[in-house]
Amino acid sequence: MTPEFVAVGHVTLDRFGEDVRPGGTALYAALTAHRLGCSVGLVTSFGPDFPRSLFPPDLKVARVPSPKTTVFRHESSREGRRLTLLGRAEDLEIGHLPASFKSADLALLGPDANEVDPYLAAEFTEGAVGAAAQGWLRARGAGGVIGPALWEDAALVLPHVQALFLSEEDVGPFEEEVVEWFQQIPIGVITVGSRGAHLFVSGERYFIEAEPADEVDPTGAGDVFAAAFLIDYQRHGNPWEAAQFAACAAALSVEGIGVGAIPLRAAVEERLAAYRSRLGRAEAT
């Protein structure tokens, strides 16, 4: 059976001081799609230390065996977030994609450590492909410290992508390149944390207000946004409404710790109704 939604990328173990949490763009996206009611496939790689019990029984995992799981250390300072890559699982290549996954309605490529083969974007022949490209914009420096890197393989991916998702942190020194990328695709999104998101539709820029949230843990919010956007956009075909839906899903996801806070569809729909009511009242005044 072909899953409706396929996520491609490493699941990770994220260290916050002494606390270790499962994470990774692909994990957040896959679990978001599952909780929004989709059948889900996940193409990933991890070692024996990753908690496989985290995967719902009906989530189809295509695992590339690895002696290691991708591990990041997260540190915060006045200068911002510092990310260090401590270990890395195996690359994800064309041959690792199950044939039944190729005709999925939706796919999200979500590298965290430059592990996703850019040629995978062309393998999804039936549905819409999104890319959360942060892992293609990272370079591993001395001691594993992550710094910015220009996405050299953008030309291989963008012709096959309907939506590209970045955070303001990803954009960094590459504003000119990002503008050029967004001119080549139907939909682009730059999330700006608790302030909201910039939505680009056929190169035209719009601002999407954030849904206010009692933030506990912002990790993965952009990944939740990306998956929720793709799902709602495929269902209704309206990018502005899809961005509002995604903003509410992301807001709910930061109000708890880790992947456990990813919301179910009913909670997102309830929050969305309140969000749109608030916007309507603001516009009326």
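Keep in mind the model is a prediction, meaning the values are calculated, not measured.

## Some words on the state of the cysteines
Inspection of every chain in the model, using the stated rule, returns 0 disulfides. With no disulfide of its own, Cys38 lies closest to Cys248 among cysteine sulfurs, the gap being 17 Å.

## Digging into the nonpolar core
Judged by nonpolar contacts, the single largest core of 56 residues is most densely connected at Phe5, Leu42, Leu108, Phe165, Leu199, Phe225 and Phe229. In this view, Leu42 contacts Ala7, Gly9, Val11, Ala26, Ala30, Phe55, Leu59, Lys60, Val61, Ala62 and Phe101; residues no more than four positions away in its chain are not counted. If you look at the next biggest cluster of nonpolar residues, it comprises 36 residues, including Val6, Ala131, Ala133 and Trp136.

## Looking at the sheet that holds strand 13 (residues 187–191)
Judged by pairing direction, the sheet is mixed, and its 9 strands sit side by side in the order 5-4-1-8-9-12-13-14-15 without closing on themselves. Only two strands of the sheet have a single partner each, and these edge strands are strand 5 (60–65) and strand 15 (204–209). Neighbour-to-neighbour, the strand axes of the sheet open up by a mean angle of 15 degrees, direction not taken into account. Bridging between strand 8 (residues 106–109) and strand 9 (residues 128–132) involves 4 bridges; their strand directions are parallel. Within the sheet, the bridge partner assigned to Leu109 lies in strand 9 and is Ala131.

## Points about helix 1 (residues 25–35)
Most of helix 1 sits inside the fold, with 9 of its 11 residues counted as buried. If you check which residues of helix 1 are buried, you get Thr25, Ala26, Leu27, Tyr28, Ala29, Ala30, Leu31, Thr32 and Ala33. Structurally, helix 1 contributes buried residues whose contacts are with strand 1 (5–8), strand 3 (19–23), strand 4 (40–46), strand 8, strand 9 and helix 5 (221–236).

## Thoughts on the sheet that holds strand 7 (residues 80–87)
Within a sheet, each strand pairs with its neighbour through backbone hydrogen bonds, oriented either parallel or antiparallel. In space, the 4 strands of this open sheet follow the order 3-2-6-7, with mixed pairing throughout. Two strands in the sheet have a free side with no partner beyond their single neighbour: strand 3 and strand 7. Going across the sheet, the axis of each strand differs from the next one's by a mean of 25 degrees, ignoring polarity. For strand 2 (residues 12–16) and strand 6 (residues 70–77), the ladder comprises 4 bridges, and the chain directions are parallel. By the bridge assignment for strand 6, Arg15 is matched with Arg73.

## What about the environment of Thr2?
Position of Thr2 relative to the elements: it lies in the segment before strand 1. Between the C-alpha atoms of Thr2 and Gly127, which are 125 residues apart in sequence, the distance is 11 Å. Every residue in contact with Thr2, bar those within four places of it in the chain, is listed here: Ser39, Lys60, Ser100, Ser103 and Ala104. Within the structure, Thr2 has its side chain in polar contact with the backbone oxygen of Ser100 (distance 2.9 Å). A polar contact is formed between the side chain of Thr2 and the side chain of Ser103, at a distance of 3.2 Å.

Definitions and cut-offs
Every chain is numbered on its own, with residues counted from 1 as its sequence reads. Local features in this predicted model are restricted to residues of pLDDT 70 or higher, and side-chain atom pairs are both shown and tallied only at a pLDDT of 80 or more, whereas totals for entire chains, interfaces and linings draw on every residue. The side-chain values count all of the structure's non-hydrogen atoms but skip hydrogen atoms and water molecules. Throughout, a disulfide means two cysteine sulfur atoms within 2.5 Å of one another. Joining through side-chain atoms within 4.5 Å is the link that ties buried Ala, Val, Leu, Ile, Met, Phe, Trp, Tyr and Cys residues into a set, and such a set is a nonpolar core. Partly exposed describes any residue whose relative accessible area lies between the buried limit of under 20% and the exposed limit of over 50%, with all areas from a 1.4 Å probe on protein chains only and scaled to the type maximum. When checking whether two residues touch, look at their non-hydrogen atoms; a contact exists if any pair is within 4.5 Å. Each pair of strands is called paired provided DSSP finds at least two bridges between the two strands. The secondary structure listing takes helices from DSSP runs of H or I that are at least 4 residues long and strands from runs of E that are at least 2 residues long, numbered from the N terminus. Under this scheme, a helix contributes an axis fitted over its contacting stretch, all axes are lines through C-alpha atoms, and angles between N-to-C directions fall in the 0 to 180 degree range. Any pair of N or O atoms that falls within 3.5 Å is considered a polar contact. Within protein, one atom must be able to donate a hydrogen and the other to accept it, and sequence-neighbouring residues count only if both atoms are side-chain atoms.

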